[in-house]
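Fold and contact review
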Amino acid sequence: LAQQNHSVLDLVKEMSIHWSNARWEDISTTDSNLYESGLLKLNCDKALHMLNWHAAMSFAKTIKMTAEWYKTFYNAEHTIRDVTVAQICEYELIAQIQGLALFAS
């Protein structure tokens, strides 16, 4: 999953699936001085090599959780702590099912 590349448009489209109020406009073909990279890429090489790291969740699941967090933050901020803790617990369960090590501080 970490080896997959996704464009900014992929991200926005996926986010829109889970957040109906998400609004966006593709201005890439307009005469504008604005620039947005077509591909945002995190370099995880050191984590992959030194820690044998890999993503625990799919792109779609990651974006779904992110959209849910932002929706809560903007629409029901008083519950954001509960949503955050629930998502951390969900992530830990997903990682545990995959046999990934969890580090406690």
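The residue numbers shown here count from 1 along each chain, following its written sequence. Per-residue local features are limited, in this predicted model, to residues with pLDDT of at least 70; the limit for side-chain atom pairs, both in listing and counting, is 80 or more; totals at the level of whole chains, interfaces and linings are taken over all residues. Water and hydrogen atoms play no part in the side-chain values, which are based on all heavy atoms of the structure.

Turning our eyes to something else, we now look at the side chain of Glu14. Helix numbering and strand numbering both begin at the N terminus, where a helix is a DSSP run of H or I of at least 4 residues and a strand a DSSP run of E of at least 2. Following the sequence through the fold, Glu14 ends up in helix α1 (residues 8–18). In this scheme, a residue with accessible area under 20% of its type's maximum is buried, one over 50% is exposed, and one in between is partly exposed, where area comes from a 1.4 Å probe on protein chains only. By the counting rule applied here, Lys and Arg register as positive and Asp and Glu as negative, while His and the ends of each chain are not counted. Counted as salt bridges are all cases of a side-chain nitrogen of Lys or Arg within 4 Å of a carboxyl oxygen of Asp or Glu. Here Glu14 occupies a buried position and makes no salt bridge, while the nearest side chain of opposite charge, Lys64, is found at 9.1 Å. Not counting the four nearest positions on each side in its chain, Glu14 is found in contact with Phe59, Ala60 and Ile63. The criterion used for residue contact is that any of the two residues' heavy atoms lie within 4.5 Å.

Here we take up helix α3 (residues 59–75). What a helix should span is 1.5 Å times the count of its residues minus one. The end-to-end C-alpha distance of α3 is 24 Å, a good match for the 24 Å that 17 residues give at a rise of 1.5 Å each. Among the residues of α3, Ile63, Met65, Ala67 and Thr72 are the ones counted as buried. Turning to α3, the residues buried within the fold contact α1 and α4 (80–97).

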